[in-house]
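# Structural characterization, general
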Amino acid sequence: MATELQKSLQNNEIIRLMTMVQAINDGMKVMLEEDDRILVLGEDIGKNGGVFRATDGLYDIFGDERVVDTPLSEAGLIGASIGLAVNGFRPVAEIQFLGFIYPAYEQIMTHVSRIRMRTMGHFTVPMVIRAPYGAGIRAPDIHSDSTEALFTHMPGLKVVCPSSPYDAKGLLIAAMEDPDPVLVLENMRNYRAQREEVPIGKYLIEIGKGKIVREGTDVTIIAWGAMVTVAESAAKRATKKGISCEIIDLRTLYPIDRDIIAKSVQKTSRVVIVHEAHATGGLGNDVVSIINDTSFLYLRSPVERVTGFDVPVPLFALEDHYVPTPARVLEGIEKTVNF
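## Thoughts on the sheet that holds strand β5 (residues 128-133)
- Sheet architecture is open: 7 strands sit in the order β3-β2-β4-β5-β7-β6-β12, paired in mixed fashion. Each edge of the open sheet carries a strand with a single partner, namely β3 (67-69) and β12 (252-254). Each strand of the sheet is rotated relative to its neighbour by a mean of 20°, with strand direction disregarded.
- Of the pairings in the sheet, the one linking strand β2 (residues 38-42) to strand β4 (residues 90-94) comprises 5 bridges and is parallel in character. Bridge pairing in β4 places V40 opposite V92.

Put into C-alpha coordinates, the structure is as follows:
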(Lines give C-alpha, C1' and ligand atoms only; values in the text may rest on other atoms or scores of the structure.)
Protein backbone atom coordinates (compact mmCIF):
# COMPACT_ATOMS: atom_id res chain seq x y z
CA MET A 1 0.00 0.00 0.00
CA ALA A 2 1.30 3.41 -0.93
CA THR A 3 3.12 5.52 1.64
CA GLU A 4 0.77 8.42 0.92
CA LEU A 5 -2.25 6.20 1.64
CA GLN A 6 -0.69 5.03 4.91
CA LYS A 7 -0.43 8.68 5.95
CA SER A 8 -4.10 9.19 5.08
CA LEU A 9 -5.07 6.21 7.22
CA GLN A 10 -3.00 7.56 10.12
CA ASN A 11 -4.85 10.87 9.80
CA ASN A 12 -8.17 9.01 10.18
CA GLU A 13 -9.48 10.20 6.83
CA ILE A 14 -12.61 8.53 5.46
CA ILE A 15 -11.62 5.88 2.90
CA ARG A 16 -13.76 4.34 0.15
CA LEU A 17 -13.02 1.67 -2.46
CA MET A 18 -12.97 3.26 -5.91
CA THR A 19 -12.09 2.40 -9.47
CA MET A 20 -9.79 4.79 -11.28
CA VAL A 21 -12.64 6.46 -13.16
CA GLN A 22 -14.54 6.93 -9.89
CA ALA A 23 -11.44 8.44 -8.26
CA ILE A 24 -11.02 10.86 -11.17
CA ASN A 25 -14.67 11.86 -10.90
CA ASP A 26 -14.31 12.38 -7.16
CA GLY A 27 -11.19 14.49 -7.63
CA MET A 28 -13.01 16.84 -9.97
CA LYS A 29 -15.99 17.01 -7.62
CA VAL A 30 -13.75 17.92 -4.66
CA MET A 31 -12.10 20.76 -6.56
CA LEU A 32 -15.30 22.07 -8.18
CA GLU A 33 -16.72 22.39 -4.66
CA GLU A 34 -13.60 24.09 -3.29
CA ASP A 35 -12.60 26.49 -6.07
CA ASP A 36 -15.09 28.56 -8.07
CA ARG A 37 -12.43 29.23 -10.72
CA ILE A 38 -12.48 25.59 -11.81
CA LEU A 39 -14.77 24.45 -14.59
CA VAL A 40 -14.88 21.26 -16.61
CA LEU A 41 -15.43 21.31 -20.35
CA GLY A 42 -15.42 18.85 -23.19
CA GLU A 43 -17.42 16.89 -25.72
CA ASP A 44 -20.45 15.10 -24.20
CA ILE A 45 -19.13 15.59 -20.66
CA GLY A 46 -22.25 17.35 -19.33
CA LYS A 47 -25.59 15.56 -19.36
CA ASN A 48 -24.01 12.44 -20.84
CA GLY A 49 -21.21 12.27 -18.27
CA GLY A 50 -18.44 11.69 -20.80
CA VAL A 51 -17.68 8.72 -23.03
CA PHE A 52 -16.21 6.83 -20.03
CA ARG A 53 -18.56 8.50 -17.48
CA ALA A 54 -15.62 10.25 -15.82
CA THR A 55 -17.77 13.35 -15.31
CA ASP A 56 -20.95 11.45 -14.46
CA GLY A 57 -23.21 13.40 -12.08
CA LEU A 58 -21.15 16.60 -12.07
CA TYR A 59 -23.54 18.40 -14.42
CA ASP A 60 -26.46 17.75 -12.05
CA ILE A 61 -24.51 19.17 -9.09
CA PHE A 62 -22.74 22.15 -10.62
CA GLY A 63 -24.84 23.08 -13.64
CA ASP A 64 -24.04 23.99 -17.22
CA GLU A 65 -21.81 26.98 -16.37
CA ARG A 66 -19.30 24.80 -14.49
CA VAL A 67 -19.67 21.56 -16.50
CA VAL A 68 -19.78 22.66 -20.11
CA ASP A 69 -20.61 20.62 -23.20
CA THR A 70 -18.54 21.92 -26.12
CA PRO A 71 -18.76 21.52 -29.89
CA LEU A 72 -16.86 18.65 -31.50
CA SER A 73 -13.71 20.67 -32.05
CA GLU A 74 -10.56 19.81 -30.12
CA ALA A 75 -8.74 22.89 -31.39
CA GLY A 76 -11.65 25.06 -30.31
CA LEU A 77 -11.92 23.33 -26.94
CA ILE A 78 -8.25 23.83 -26.10
CA GLY A 79 -8.22 27.36 -27.53
CA ALA A 80 -11.17 28.32 -25.35
CA SER A 81 -9.46 26.77 -22.33
CA ILE A 82 -6.35 28.86 -22.96
CA GLY A 83 -8.45 32.02 -22.99
CA LEU A 84 -10.19 31.01 -19.78
CA ALA A 85 -6.90 30.14 -18.06
CA VAL A 86 -5.10 33.39 -18.84
CA ASN A 87 -8.15 35.30 -17.59
CA GLY A 88 -8.30 33.81 -14.12
CA PHE A 89 -10.17 30.53 -14.53
CA ARG A 90 -8.78 27.01 -14.09
CA PRO A 91 -10.34 24.91 -16.86
CA VAL A 92 -10.18 21.12 -16.96
CA ALA A 93 -10.58 20.09 -20.60
CA GLU A 94 -11.43 16.51 -21.52
CA ILE A 95 -10.28 15.09 -24.85
CA GLN A 96 -12.37 11.98 -25.54
CA PHE A 97 -9.37 9.93 -26.71
CA LEU A 98 -5.70 10.90 -26.94
CA GLY A 99 -5.81 10.10 -30.66
CA PHE A 100 -8.33 12.92 -31.08
CA ILE A 101 -5.96 15.53 -29.65
CA TYR A 102 -3.96 16.09 -32.84
CA PRO A 103 -6.14 18.95 -34.18
CA ALA A 104 -5.35 20.76 -30.91
CA TYR A 105 -1.62 19.97 -31.01
CA GLU A 106 -0.77 23.34 -32.50
CA GLN A 107 -2.61 25.13 -29.69
CA ILE A 108 -0.83 23.03 -27.07
CA MET A 109 2.67 23.35 -28.49
CA THR A 110 2.60 27.01 -29.53
CA HIS A 111 0.41 28.54 -26.84
CA VAL A 112 -0.34 26.30 -23.83
CA SER A 113 3.31 25.45 -23.21
CA ARG A 114 4.80 28.89 -24.03
CA ILE A 115 2.66 31.68 -22.63
CA ARG A 116 4.55 31.91 -19.33
CA MET A 117 7.84 32.24 -21.21
CA ARG A 118 6.42 34.46 -23.94
CA THR A 119 5.00 36.98 -21.45
CA MET A 120 8.03 36.79 -19.10
CA GLY A 121 5.82 35.39 -16.35
CA HIS A 122 3.08 38.01 -16.57
CA PHE A 123 0.58 35.36 -17.71
CA THR A 124 0.34 31.67 -16.89
CA VAL A 125 -1.94 28.94 -18.21
CA PRO A 126 -3.23 27.01 -15.17
CA MET A 127 -5.24 24.48 -17.13
CA VAL A 128 -5.56 20.70 -17.17
CA ILE A 129 -6.05 18.50 -20.22
CA ARG A 130 -7.39 15.02 -19.48
CA ALA A 131 -6.96 12.38 -22.20
CA PRO A 132 -7.75 8.63 -22.12
CA TYR A 133 -5.16 6.62 -24.07
CA GLY A 134 -3.85 3.15 -24.75
CA ALA A 135 -4.74 -0.15 -26.39
CA GLY A 136 -6.54 -3.18 -25.08
CA ILE A 137 -10.19 -2.15 -24.97
CA ARG A 138 -11.13 -3.10 -28.55
CA ALA A 139 -11.56 0.49 -29.70
CA PRO A 140 -11.61 1.60 -33.38
CA ASP A 141 -8.70 3.17 -35.25
CA ILE A 142 -7.12 6.31 -33.70
CA HIS A 143 -8.76 5.56 -30.32
CA SER A 144 -5.85 3.54 -28.87
CA ASP A 145 -2.77 5.68 -29.52
CA SER A 146 -0.03 5.96 -26.90
CA THR A 147 1.79 9.05 -28.11
CA GLU A 148 2.86 10.55 -24.79
CA ALA A 149 6.34 11.34 -26.14
CA LEU A 150 4.85 13.99 -28.43
CA PHE A 151 4.01 16.04 -25.35
CA THR A 152 7.04 15.41 -23.14
CA HIS A 153 9.20 17.12 -25.78
CA MET A 154 7.98 20.64 -25.00
CA PRO A 155 9.15 22.30 -21.74
CA GLY A 156 6.33 24.26 -20.15
CA LEU A 157 3.84 21.39 -20.24
CA LYS A 158 3.83 18.85 -17.42
CA VAL A 159 2.65 15.31 -18.20
CA VAL A 160 1.37 12.87 -15.58
CA CYS A 161 0.16 9.30 -16.01
CA PRO A 162 -1.42 7.54 -13.00
CA SER A 163 -1.66 3.76 -12.84
CA SER A 164 -4.00 3.36 -9.86
CA PRO A 165 -7.15 4.95 -8.42
CA TYR A 166 -5.30 6.50 -5.47
CA ASP A 167 -2.66 8.07 -7.68
CA ALA A 168 -5.22 9.20 -10.25
CA LYS A 169 -7.14 11.35 -7.77
CA GLY A 170 -4.05 12.77 -6.05
CA LEU A 171 -2.27 13.63 -9.30
CA LEU A 172 -5.40 15.15 -10.83
CA ILE A 173 -5.95 17.43 -7.83
CA ALA A 174 -2.27 18.42 -7.91
CA ALA A 175 -2.65 19.19 -11.62
CA MET A 176 -5.71 21.37 -10.97
CA GLU A 177 -3.76 23.35 -8.36
CA ASP A 178 -0.61 23.69 -10.48
CA PRO A 179 0.12 27.21 -11.79
CA ASP A 180 1.15 25.76 -15.14
CA PRO A 181 -0.57 23.48 -17.69
CA VAL A 182 -0.70 19.75 -17.02
CA LEU A 183 -1.64 16.93 -19.39
CA VAL A 184 -3.18 14.02 -17.45
CA LEU A 185 -2.99 10.75 -19.38
CA GLU A 186 -5.45 8.10 -18.21
CA ASN A 187 -4.95 4.58 -19.52
CA MET A 188 -8.33 3.21 -20.50
CA ARG A 189 -7.48 -0.34 -19.42
CA ASN A 190 -7.04 0.97 -15.90
CA TYR A 191 -10.36 2.80 -15.64
CA ARG A 192 -12.24 -0.14 -14.14
CA ALA A 193 -9.48 -2.74 -13.78
CA GLN A 194 -9.20 -2.54 -9.99
CA ARG A 195 -10.66 -0.98 -6.87
CA GLU A 196 -8.40 0.67 -4.34
CA GLU A 197 -8.82 2.49 -1.05
CA VAL A 198 -9.05 6.21 -1.80
CA PRO A 199 -9.50 8.97 0.81
CA ILE A 200 -12.66 11.03 0.55
CA GLY A 201 -11.76 14.70 0.32
CA LYS A 202 -8.67 16.50 -0.88
CA TYR A 203 -5.12 15.15 -1.06
CA LEU A 204 -2.26 15.73 -3.47
CA ILE A 205 0.49 13.62 -4.99
CA GLU A 206 3.52 15.68 -5.91
CA ILE A 207 4.04 16.04 -9.64
CA GLY A 208 7.53 14.94 -10.67
CA LYS A 209 7.86 12.09 -8.17
CA GLY A 210 7.79 8.40 -9.08
CA LYS A 211 7.22 5.56 -6.64
CA ILE A 212 8.61 2.12 -5.94
CA VAL A 213 5.76 -0.32 -6.49
CA ARG A 214 7.81 -3.39 -5.67
CA GLU A 215 11.25 -3.63 -4.11
CA GLY A 216 13.87 -5.96 -5.52
CA THR A 217 17.59 -6.50 -5.98
CA ASP A 218 18.33 -8.09 -9.37
CA VAL A 219 16.68 -5.90 -12.01
CA THR A 220 14.76 -2.61 -12.18
CA ILE A 221 11.58 -2.48 -14.26
CA ILE A 222 10.44 1.03 -15.20
CA ALA A 223 6.84 1.46 -16.40
CA TRP A 224 3.79 3.72 -16.32
CA GLY A 225 0.06 3.49 -16.94
CA ALA A 226 -1.32 0.02 -17.64
CA MET A 227 2.19 -1.35 -18.08
CA VAL A 228 2.76 -1.17 -14.31
CA THR A 229 0.31 -4.05 -13.82
CA VAL A 230 1.95 -5.95 -16.68
CA ALA A 231 5.35 -5.41 -15.02
CA GLU A 232 4.00 -6.70 -11.71
CA SER A 233 2.72 -9.88 -13.37
CA ALA A 234 6.08 -10.42 -15.04
CA ALA A 235 7.91 -9.80 -11.75
CA LYS A 236 5.84 -12.49 -10.03
CA ARG A 237 6.79 -14.96 -12.75
CA ALA A 238 10.44 -13.93 -12.46
CA THR A 239 10.36 -14.57 -8.70
CA LYS A 240 9.57 -18.22 -9.38
CA LYS A 241 12.82 -18.34 -11.38
CA GLY A 242 14.82 -16.78 -8.55
CA ILE A 243 14.94 -13.25 -10.01
CA SER A 244 14.11 -10.34 -7.70
CA CYS A 245 12.54 -7.39 -9.56
CA GLU A 246 12.18 -3.81 -8.42
CA ILE A 247 9.38 -1.87 -10.16
CA ILE A 248 9.25 1.89 -10.59
CA ASP A 249 6.00 3.58 -11.57
CA LEU A 250 7.14 6.90 -13.04
CA ARG A 251 3.70 8.54 -12.44
CA THR A 252 5.05 11.78 -13.98
CA LEU A 253 6.42 11.57 -17.52
CA TYR A 254 7.63 15.18 -17.61
CA PRO A 255 9.51 16.14 -15.56
CA ILE A 256 10.77 12.60 -14.93
CA ASP A 257 11.99 11.66 -11.45
CA ARG A 258 15.69 11.17 -12.25
CA ASP A 259 16.63 10.47 -8.64
CA ILE A 260 14.35 7.46 -8.17
CA ILE A 261 15.65 5.95 -11.43
CA ALA A 262 19.31 6.48 -10.55
CA LYS A 263 18.95 5.11 -7.03
CA SER A 264 17.21 1.94 -8.19
CA VAL A 265 19.49 1.29 -11.16
CA GLN A 266 22.59 1.76 -9.04
CA LYS A 267 21.19 -0.86 -6.65
CA THR A 268 20.15 -3.52 -9.19
CA SER A 269 22.58 -2.80 -12.08
CA ARG A 270 20.06 -4.07 -14.65
CA VAL A 271 17.07 -2.36 -16.27
CA VAL A 272 13.98 -3.25 -18.30
CA ILE A 273 11.80 -0.39 -19.57
CA VAL A 274 8.21 -1.22 -20.48
CA HIS A 275 5.82 0.98 -22.45
CA GLU A 276 3.09 0.35 -25.00
CA ALA A 277 4.06 3.27 -27.24
CA HIS A 278 6.08 2.61 -30.38
CA ALA A 279 9.74 1.78 -29.84
CA THR A 280 11.09 4.50 -32.13
CA GLY A 281 10.78 7.89 -30.48
CA GLY A 282 9.21 6.38 -27.36
CA LEU A 283 9.71 7.88 -23.90
CA GLY A 284 11.78 4.85 -22.97
CA ASN A 285 14.61 6.34 -25.02
CA ASP A 286 14.68 9.36 -22.70
CA VAL A 287 14.78 7.02 -19.71
CA VAL A 288 17.78 5.26 -21.26
CA SER A 289 19.50 8.65 -21.60
CA ILE A 290 18.85 9.41 -17.92
CA ILE A 291 20.36 6.05 -16.97
CA ASN A 292 23.41 6.74 -19.15
CA ASP A 293 23.83 10.18 -17.55
CA THR A 294 23.45 9.03 -13.96
CA SER A 295 24.28 5.34 -13.70
CA PHE A 296 26.08 4.00 -16.77
CA LEU A 297 29.07 2.66 -14.87
CA TYR A 298 26.78 0.67 -12.57
CA LEU A 299 25.19 -1.33 -15.41
CA ARG A 300 26.05 -5.01 -15.73
CA SER A 301 24.09 -5.43 -18.97
CA PRO A 302 22.54 -3.22 -21.66
CA VAL A 303 19.20 -1.62 -20.88
CA GLU A 304 16.36 -3.69 -22.34
CA ARG A 305 13.17 -2.14 -23.76
CA VAL A 306 9.86 -3.98 -24.12
CA THR A 307 7.51 -1.80 -26.14
CA GLY A 308 4.81 -1.61 -28.76
CA PHE A 309 5.88 -2.11 -32.35
CA ASP A 310 6.58 0.54 -34.98
CA VAL A 311 3.16 0.22 -36.61
CA PRO A 312 -0.14 1.99 -36.01
CA VAL A 313 -2.01 0.31 -33.16
CA PRO A 314 -3.79 -2.59 -34.94
CA LEU A 315 -7.46 -3.36 -34.74
CA PHE A 316 -9.18 -6.02 -32.66
CA ALA A 317 -7.72 -9.28 -33.99
CA LEU A 318 -4.09 -8.21 -33.54
CA GLU A 319 -4.35 -5.72 -30.68
CA ASP A 320 -3.23 -8.20 -28.02
CA HIS A 321 -0.10 -8.97 -30.04
CA TYR A 322 0.86 -5.30 -30.13
CA VAL A 323 0.69 -4.49 -26.42
CA PRO A 324 3.55 -5.77 -24.21
CA THR A 325 2.52 -8.82 -22.21
CA PRO A 326 3.92 -10.34 -19.00
CA ALA A 327 5.53 -13.06 -21.14
CA ARG A 328 7.37 -10.49 -23.30
CA VAL A 329 8.48 -8.57 -20.22
CA LEU A 330 9.73 -11.79 -18.61
CA GLU A 331 11.81 -12.46 -21.72
CA GLY A 332 13.33 -9.00 -21.34
CA ILE A 333 14.06 -9.65 -17.67
CA GLU A 334 15.78 -12.95 -18.40
CA LYS A 335 17.76 -11.43 -21.28
CA THR A 336 19.23 -8.67 -19.12
CA VAL A 337 19.87 -10.94 -16.14
CA ASN A 338 21.56 -13.62 -18.23
CA PHE A 339 23.64 -11.24 -20.38
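And the narrative resumes.
## What to know about the nonpolar core
- One finds I78 and I261 to be the most contacted residues of the largest nonpolar core, which totals 43 residues.
- At the level of secondary structure, the elements contributing two or more residues to this core comprise β2, α4 (74-86), α5 (105-112), β5, β7 (182-187), α10 (258-268), β13 (271-278) and α11 (283-295).
- If sequence neighbours within four positions are ignored, I78 has contacts with A93, I95, A104, Q107, I108, V112, M127 and I129.
- V21, M31, V92 and V128 belong to the second-largest nonpolar core, a separate cluster that totals 38 residues.

## Details of the sheet that holds strand β9 (residues 211-214)
- Spatial strand order, β9-β11-β10-β13-β14: 5 strands in an open sheet with mixed pairing. Strands at the two margins of the open sheet, each flanked by one partner only, are β9 and β14 (304-308). The sheet shows a mean angle of 25° between the axes of neighbouring strands, taken without regard to direction.
- Sheet analysis places β9 next to strand β11 (residues 245-249), joined by 3 bridges and oriented antiparallel. Residue pairing in the sheet places K211 in a bridge with D249 of β11.

## Structural notes on the environment of V67
- Here V67 lies in strand β3.
- Between the alpha carbons of V67 and K47 there is a distance of 8.9 Å; along the sequence they are 20 residues apart.
- With residues up to four places along the chain from it excluded, the contact list for V67 reads V40, I45, G46, L58, Y59 and F62.

## Here's the deal with the packing of helix α9 (residues 227-239) against helix α13 (residues 326-337)
- Closest axis-to-axis distance for the α9/α13 pair is 8 Å, and the angle between their directions is 55°. In terms of orientation, α9 and α13 fall into the oblique class. Note that α9 runs across α13; the crossing there is right-handed. When α9 is examined against α13, the residues V230, S233, A234, R237 and A238 are found in contact with a partner set consisting of P326, A327, V329, L330 and I333.
- Residue composition of the contact of α9 with α13, by class: 8 nonpolar, 1 polar and 1 charged.

## Looking at the packing of α10 against α11
- As a packed pair, α10 and α11 sit with axes 10 Å apart at the nearest point and diverge in direction by 65°. As far as their axial angle goes, α11 and α10 are roughly perpendicular. Relative to α11, α10 is oriented so that their crossing is right-handed. Taking contact as the criterion, the partners of R258, I261, A262, V265 and Q266 in α10 are, on α11, V287, I290, I291, D293, T294 and S295.
- Per-class residue counts for the contact of α10 with α11 are 6 nonpolar, 3 polar and 2 charged.

Reading guide: rules and limits
- Residues numbered from 1 in each chain as written.
- Predicted model: local features only at pLDDT ≥ 70, side-chain atom pairs only at ≥ 80, totals over all residues.
- Heavy atoms only, no water.
- Pairing = 2+ DSSP bridges.
- Helix = DSSP H or I, 4+ residues; strand = E, 2+ residues; numbered from the N terminus.
- Axes fitted to C-alpha atoms, helices over the stretch in contact; angles between N-to-C directions.
- Core = buried A, V, L, I, M, F, W, Y, C linked by side-chain atoms within 4.5 Å.
- Buried < 20%, exposed > 50% of the residue type's maximum accessible area, 1.4 Å probe, protein only.
- Contact = heavy atoms within 4.5 Å.
- Parallel < 35°, antiparallel > 145°, perpendicular 65-115°, else oblique.
- Left-handed = near helix turned anticlockwise from the far one by under 90°.
- Nonpolar A, V, L, I, M, F, W, Y, C, P; charged D, E, K, R; others polar.

Honestly, that's just the spatial picture; any functional story needs more than this.
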